[in-house]
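As a plain string of letters, each chain reads:
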Amino acid sequence: MRHLIEVVFLVGYQHLEGFMHRLAIRREQIPGILRDYLVMTIGTLCIALALNIFLEPNNVIFGGVTGIAAMLKTLFGLPIGITSLALNIPLFIIGLKRLGGFVFGMRTVFATVMLSVFIDLTANRVDQFVQREPLLYIAYGAVLSGIGTGLVLRVGGTTGGVDIVARLLQQWRGIRPGQSMLIASVVVFGAAGWIYGATPVLYALLLAFIETRVIDIVLEGFSDGRSALIVSNKPEAIRDAVLHDLDRGVTMLEGRGGYSGEERAVLMCVISQAEIAILKKLIYNIDPRAFVVMTEAVEVLGEGFRPAKAE
């Protein structure tokens, strides 16, 4: 019996190695892949708990395919999990053709199925923590759902529905996933207004806004960085001040005035939000006529900020 188990294990291992070879998966990649699927599992569980603890018991409207499935439950009594899974099939086919790849397909199928399973498994099996306090259950439901969706998207998966649409728009137009999901949710809310009335829709808009902001934070992180572009007649003096007084790096770029045609040095540096006032004071003291542009840096990796590492 022991030898039979060893033979079965050996044959299974050889098949697994052949499968990995066909997918060009190296052994050292396996821990990262397993981590990604664990993150997707946690993310889908967060979404399901947000739905069944805070949102659905309090009749809160939510967007996307899950929101459509919830409306169908209200009208016809259909289970949300199975209905959302059925509605996701055509979107998954479109996403597979446009986004392509075995990895996308596997992760989307996994996340979509896990979300549907968790929604139905946790339905009527978890306590409702907050009732009769709309702002509380909307805020906490939005944050928990946003964290879950952000985790799934962060590791390259989707939960189907508008997540796929968001990935497509991000690829084609560079639109943030949170923004495109907010637009899709507004469309669903317009239809939900005929069923639930105006007040629930207004709460749903607040839910969608908070959720999409949380999604973008999970995907991009909290950014304390600010990027500064400085055009001045005294670039060397400003450079020295940034290097020595602010203790920040600075890059000298070559620029040409569009109107005057004159060659100008353009300084670029990245600072923290707390250093904005200090930098402006340094620049003003050296060259009050300097032209300065400050922008928010979505993410800053490297010396003086977060270390660069693979996700």
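Residues numbered from 1 in each chain as written. Predicted model: local features only at pLDDT ≥ 70, side-chain atom pairs only at ≥ 80, totals over all residues. Heavy atoms only, no water.

### Some words on the overall build of the protein
Looking only at helices and strands, one finds 11 helices and 4 strands in the protein. For the protein, the proportion of its 311 residues judged to be buried stands at 37%. Intrachain contacts of the protein at a sequence separation of at least 6 include 72% that bridge at least 24 residues. Per element, the accessible surface of the protein, about 18,400 Å² overall, is 63% carbon and sulfur. (Helix = DSSP H or I, 4+ residues; strand = E, 2+ residues; numbered from the N terminus. Buried < 20%, exposed > 50% of the residue type's maximum accessible area, 1.4 Å probe, protein only. Contact = heavy atoms within 4.5 Å. Areas by Shrake-Rupley, 256 points an atom, 1.4 Å probe, with all protein chains shown as cover.)

### Points about helix 11 (residues 276-286)
Burial in helix 11 covers these residues: Ile 276, Leu 279, Leu 282 and Ile 283. Looking down the long axis of helix 11, one finds its buried residues gathered within 130 degrees of arc, a one-sided arrangement. Facing away from the buried surface of helix 11 by more than 90 degrees, the exposed residues are Ala 277, Lys 281, Tyr 284 and Asn 285. Against strand 1 (225-231), helix 10 (235-244), strand 3 (263-272) and strand 4 (291-296) lie the buried residues of helix 11. (Arc of directions from axis to C-beta.)

### Here's the deal with the packing of aromatic side chains
A complete count under the given rule lists 2 aromatic pairs for this structure. Summarising the aromatic geometry, the rings of Tyr 37 and Phe 110 are spaced 4.9 Å apart at their centres and angled 75 degrees between planes, so their arrangement reads as edge-to-face. One end of the pair, Tyr 37, is in helix 2 (residues 30-55); the other, Phe 110, is in helix 5 (residues 102-122), with 73 residues separating them in the sequence. On the accessibility criterion, Phe 110 (25% relative accessible area) is partly exposed. Ring geometry for Phe 54 against Tyr 140: centres 6.3 Å apart, planes inclined by 25 degrees, an arrangement best described as stacked. Residue Phe 54 is located in helix 2, and its partner Tyr 140 is located in helix 6 (residues 134-154); the two are separated by 86 residues in the primary sequence. (Phe/Tyr/Trp six-rings, centres within 6.5 Å; stacked < 30°, edge-to-face > 60°.)

### Focus: the pairing of strand 1
With 5 of 7 residues buried, strand 1 is to be regarded as a mostly interior element. Pairing between strand 1 and strand 3: 7 bridges, direction antiparallel. When the sheet's bridge partners are listed, Ser 227 is paired in strand 3 with Val 270. Sheet analysis places strand 1 next to strand 4, joined by 6 bridges and oriented antiparallel. Counterpart to Ser 227 in the pairing with strand 4 is Thr 295. (Pairing = 2+ DSSP bridges.)

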